[in-house]
Amino acid sequence: MIKMFGLFKKANNSSFENVNRENVNDYIRSGELKVIYLISPDFGGSEGRENQIVVTPQAAKEKDIIDDELYNFLS
């Protein structure tokens, strides 16, 4: 059986399985995790916490690419 959290490892082999509500801000401040919007406010998404998730910096870059492509497609 595959352990689900084993899939969420950084390139340097450390994992985020110890991230929780109490320490997530430490990971964000250190740059190990980033806050992004599920739906960009540029596309009408809320700026509230209900539209935010915490992801790796690489995932944030990928989301920026997707949002840029969507913006270009809709322009």
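To keep things clear, this report deals only with the structure shown in the data block. (Residues numbered from 1 in each chain as written. Predicted model: local features only at pLDDT ≥ 70, side-chain atom pairs only at ≥ 80, totals over all residues. Heavy atoms only, no water.)

### Points about the pattern of salt bridges
The test is simple: For this analysis, a salt bridge means a side-chain nitrogen from Lys or Arg found within 4 Å of a carboxyl oxygen belonging to Asp or Glu. Numbered from the N terminus, helices here are DSSP runs of H or I no shorter than four residues, and strands are runs of E no shorter than two. Using a 1.4 Å probe on the protein chains alone, a residue whose accessible area is under 20% of its type maximum counts as buried, one over 50% counts as exposed, and one in between counts as partly exposed.
The full count for this structure, using the stated rule, is two salt bridges. Ionic pairing is found between aspartate 26 and arginine 29, a salt bridge with its closest N-O pair at 2.6 Å. Of this pair, aspartate 26 and arginine 29 both sit in helix 1 (residues 24-30), three residues apart, which is roughly one turn of the helix. For aspartate 26, a relative accessible area of 43% corresponds to the partly exposed category. Exposure remark for arginine 29: the relative accessible area of 64% places this residue in the exposed category. One salt bridge connects lysine 63 with aspartate 67, and the closest N-O pair in it is separated by 2.9 Å. A residue pair is termed a helical-turn pair when its members lie 3 or 4 positions apart in one helix, as lysine 63 and aspartate 67 do in helix 2 (residues 57-74) at four residues. Lysine 63 gets classed as buried once you look at its relative accessible area, which sits at 16%.

### So, the packing of aromatic side chains
Counted only if it meets this: Planes of paired rings set the category: under 30 degrees apart is stacked, over 60 is edge-to-face and the rest tilted, where pairs are Phe, Tyr or Trp rings (Trp by its six-membered ring) whose centres lie within 6.5 Å.
For the structure on display, the rule yields one aromatic pair. With centroids separated by 6.0 Å and ring planes inclined at 70°, the aromatic side chains of phenylalanine 16 and tyrosine 27 adopt a geometry described as edge-to-face. A residue pair is termed long-range when its members are at least 10 positions apart, and phenylalanine 16 in the segment before helix 1 and tyrosine 27 in helix 1 qualify at 11 residues. Tyrosine 27 shares its class with phenylalanine 16; the two are buried.

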